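Inside the fold
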Amino acid sequence: QQPVQSPQAVILREGEDAVINCSSSKALYSVHWYRQKHGEAPVFLMILLKGGEQKGHEKISASFNEKKQQSSLYLTASQLSYSGTYFCGTAIQGAQKLVFGQGTRLTINP
Amino acid sequence: EAEVAQSPRYKITEKSQAVAFWCDPISGHATLYWYRQILGQGPELLVQFQDESVVDDSQLPKDRFSAERLKGVDSTLKIQPAELGDSAMYLCASSQMDRGAQYFGPGTRLLVL
């Protein structure tokens, strides 16, 4: 079952913060986050495994709430290069494949 | 830095013709994935290989699509016959292990006329 991402789109000014959420109705084993720029392939950002861990990558970090089957991606002090569509991909317990959400389009303006 | 290679990058074909896409994963990556991505949507898994074995092809339209990874390295995805609704980006990805980080190739953009 496809995870639900919110919001669908965000417009920010450079330097502002953003949070993108990903929710599933199924028990999750892991959550992946990818960024895709227009006309390009998705680029891996990070994986979170069940256990409520939080990971960071420069000014981009994420958390995974296993009990709520939710993950959030945090972008702080956003840069122009952060623009793109962010996808979460979820793997449920007992399954091997990743199911991607519908994406969140992030636009950063100067 | 190692990358996933795909060819061709663009393909225009007519309805009912056959098309084939090729993917060469990052060396040493045992898991290979073929995804279809329609504009404005997330990638949808078509088939997943572990070495040369198919581990998931539940969303592959098997009446017209086929995929193989004969020696557990590169892979081919074929569509025969192509339909108008097959127009999309076809992405190949690979990962070192099952459920690991996936690294995507540049994709093949298919247009069926």
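Right, let's walk through the structure included here. Quantities reported herein were computed from a predicted structural model and do not represent experimental measurements.

1. Here we look at the layout of surface pockets
The calculated volume of the largest pocket comes to roughly 480 Å³. Elements represented by at least two residues in the lining of the largest pocket include exactly strand S9 (84-92) and strand S11 (104-109) of chain A. Broken down by class, the residue content of the lining of the largest pocket amounts to five nonpolar, 13 polar and four charged. The space that makes up the second largest pocket amounts to roughly 380 Å³. What lines the second largest pocket is a set of 17 residues, and nearest its centre among them are Pro42 and Val43 of chain A together with Glu3, Tyr103 and Phe104 of chain B. Mapped by element, the contributors of at least two residues to the lining of the second largest pocket are strand S5 (43-49) of chain A together with strand S10 (103-104) of chain B. Residue classes in the lining of the second largest pocket are distributed as 10 nonpolar, three polar and four charged.

2. Re the interface of chain A and chain B
Counting residues at the interface gives 20 residues for chain A, matched by 23 residues for chain B. A buried area of about 1,600 Å², summed over both sides, lies between chain A and chain B, and 55% of it is on carbon and sulfur atoms. Interface area lost by chain A to chain B is led by Gln96, Lys97 and Phe100 of chain A, which between them contribute 34%. Where chain A meets chain B, there are zero salt bridges. In this assembly, chain A and chain B are joined by two residue pairs in polar contact (both at pLDDT 80 or more). Mapped by element, the contributors of at least two residues to the side of chain A that touches chain B are strand S4 (28-36), S5 and S9 of chain A. Its residues assigned to classes, the side of chain A that touches chain B comprises 12 nonpolar, seven polar and one charged.

3. Here we look at the pattern of salt bridges
Residues and elements named next belong to chain B. Scanning all chains against the criterion turns up four salt bridges over all chains. For Lys62, the salt bridge identified is with Asp57, shortest N-O distance 3.7 Å. Salt-bridge contacts for Arg64 lead to Glu83; the nearest nitrogen and oxygen are separated by 3.4 Å. Here Arg64 is found in the loop between strand S6 (53-56) and strand S7 (65-68), whereas its partner Glu83 is found in the loop between strand S8 (75-79) and strand S9 (88-95), with 19 residues between them in sequence. For Glu83, a relative accessible area of 38% puts it in the partly exposed group. Each member of the salt-bridge network shares a partner with another, and the members are Arg64, Glu83 and Asp86.

4. So, the side chain of Ser75 of chain B
Residues and elements named next belong to chain B. For Ser75, the position within the fold is in strand S8. The buried category is assigned to Ser75, whose relative accessible area is 1%. At 2.9 Å, the side chain of Ser75 and the backbone oxygen of Glu68 are in polar contact. With near-sequence residues (within four places) excluded, Ser75 lies in contact with Phe21, Trp22, Cys23, Leu32, Trp34, Phe49, Glu68 and Arg69.

5. Description of the pairing of S11 of chain A
Residues and elements named next belong to chain A. The two faces of S11 differ: Thr104, Leu106 and Ile108 on one face are buried, but Arg105, Thr107 and Asn109 on the other face are not. Sheet analysis places S9 next to S11, joined by three bridges and oriented antiparallel. Paired with Tyr86 across the bridge in S11 is Thr104.

Conventions used here
- Residues numbered from 1 in each chain as written.
- Chains lettered and ligands numbered in written order.
- Predicted model: local features only at pLDDT ≥ 70, side-chain atom pairs only at ≥ 80, totals over all residues.
- Heavy atoms only, no water.
- 1 Å grid on protein atoms, 1.4 Å probe; cavity = no way out; pocket = protein on both sides within 12 Å on 5 of 7 lines; lining within 4 Å.
- Points joined across faces, edges and corners; volume = space filled by probe spheres on them.
- Helix = DSSP H or I, 4+ residues; strand = E, 2+ residues; numbered from the N terminus.
- Nonpolar A, V, L, I, M, F, W, Y, C, P; charged D, E, K, R; others polar.
- Contact = heavy atoms within 4.5 Å.
- Buried area = accessible area lost by both parts, 1.4 Å probe.
- Salt bridge = Lys/Arg side-chain N within 4 Å of Asp/Glu carboxyl O.
- Polar contact = N/O pair within 3.5 Å; in protein donor to acceptor, adjacent residues only side chain to side chain.
- Buried < 20%, exposed > 50% of the residue type's maximum accessible area, 1.4 Å probe, protein only.
- Pairing = 2+ DSSP bridges.

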